[in-house]
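# Structural features, examined
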Amino acid sequence: QDVILDHARHPRHSGELANATHKAEGYNPLCGDKVSITLVLGADDRVSDVKFEGKGCAISQASASLMTEMLAGRSRADAQKLMDGFLHLVKGEDAGGLDPEDREQLDVMAGISEFPMRVKCATLAWHTFKSALEEGKTA
């Protein structure tokens, strides 16, 4: 809980990238959470930078902050693996494909699976990042 509150109060990678190559917006109508993800995908297929802006509950903001911190610098394939593992983890499913170090960082969000209404809060930024990567090319 302390890690979640720290990310919610002091978000990492907050803001918008002026030179973004990909962008997407996400909205959870059930609770009103909103998030915008901007990222730069380099020629080497790596996420060279990623930022988020949004409004919402502590869980959605903390999850977005944790996500941007973990995805910056990763290849597209590594980012996809991390996203898939996280989505399984917060749904209470087997996330065995995660690297042990990544699993340790993401375990702070594992308890969300006990609160089904909060899973959408935790996954909003991750789904939005995936949309940006797959469909949100800006240039």
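Residues numbered from 1 in each chain as written. Predicted model: local features only at pLDDT ≥ 70, side-chain atom pairs only at ≥ 80, totals over all residues. Heavy atoms only, no water.

### Brief notes about unusual backbone geometry
Short version of the rule: Segments assigned H or I by DSSP are reported as helices when at least four residues long, segments assigned E as strands when at least two residues long, and all are numbered from the N terminus.
With phi around 65°, Asp-45 is a residue other than glycine that occupies positive phi space. On the secondary structure map, Asp-45 appears in the loop between strand 2 (33–41) and strand 3 (47–55).

### Notes on empty space enclosed by the protein
The condition is simple: Only protein atoms enter the 1 Å grid, on which a cavity is a set of points fitting a 1.4 Å probe that cannot get out and a pocket is an open set with protein on both sides within 12 Å along at least 5 of 7 lines, lining residues being those with an atom within 4 Å of a point. Grid points are joined across faces, edges and corners, and a volume is the space filled by probe spheres set on the points. Throughout, the ten residues Ala, Val, Leu, Ile, Met, Phe, Trp, Tyr, Cys and Pro are labelled nonpolar, Asp, Glu, Lys and Arg are labelled charged, and all others, Gly among them, are labelled polar.
Following the criterion strictly, the structure yields one cavity of 30 Å³ or more and no others. Its boundaries defined by the atoms lining it, the largest cavity holds a volume of some 40 Å³. Taken together, Asp-33, Lys-34, Val-35, Lys-55, Ser-60, Gln-61, Ala-64, Cys-121, Leu-124 and Ala-125 form the lining of the largest cavity. Within the residue set of the lining of the largest cavity, elements represented by two or more residues are strand 2, helix 2 (58–71) and helix 5 (116–135). The residue makeup of the lining of the largest cavity, split by class, is five nonpolar, two polar and three charged.

### Thoughts on the pattern of salt bridges
Rules: Salt bridge, as used here, is a side-chain nitrogen of Lys or Arg placed within 4 Å of a carboxyl oxygen of Asp or Glu. A simple rule labels every residue: compare its accessible area, found with a 1.4 Å probe on the protein chains alone, to the largest value its type can have, and call it buried under 20%, exposed over 50%, or partly exposed in between.
Per the counting criterion, the structure on display carries five salt bridges. One salt bridge connects Lys-23 with Glu-25, and the closest N-O pair in it is separated by 3.9 Å. For Lys-23, a relative accessible area of 32% corresponds to the partly exposed category. Between Arg-103 and Asp-107 there is a salt bridge whose closest N-O contact spans 2.8 Å. Under the relative-accessibility criterion, Arg-103 is labelled partly exposed at 30%. Exposure remark for Asp-107: the relative accessible area of 35% places this residue in the partly exposed category. Put simply, Glu-16, Lys-23 and Glu-25 are held in one network by salt bridges that share partners.

### A look at the sheet that holds strand 3
Stated formally: At least two bridges found by DSSP between two strands is the condition for calling them paired. An axis is simply a line fitted to the C-alpha atoms; with a helix, the fit covers only the stretch in contact. Between two such axes, the angle follows the N-to-C directions and lies from 0 to 180 degrees. Contact criterion: two residues are considered in contact whenever any of their non-hydrogen atoms come within 4.5 Å of each other.
In spatial order, the strands read 1-2-3; together these three strands make up an open sheet with antiparallel pairing. Both edges of this open sheet fall to strand 1 (22–28) and strand 3, since each of them pairs with a single strand only. Between one strand and the next, the sheet's axes are offset by a mean angle of 15°, whatever the strand orientation. Pairing analysis gives seven bridges linking strand 1 to strand 2, with the strands arranged antiparallel. Across the sheet, residue Ala-24 finds its bridge partner in strand 2, namely Ile-37. This element, helix 2, spans strand 2 and strand 3 of the sheet and lies at about 170° to strand 3.

These figures come from the coordinates and say nothing about function on their own.
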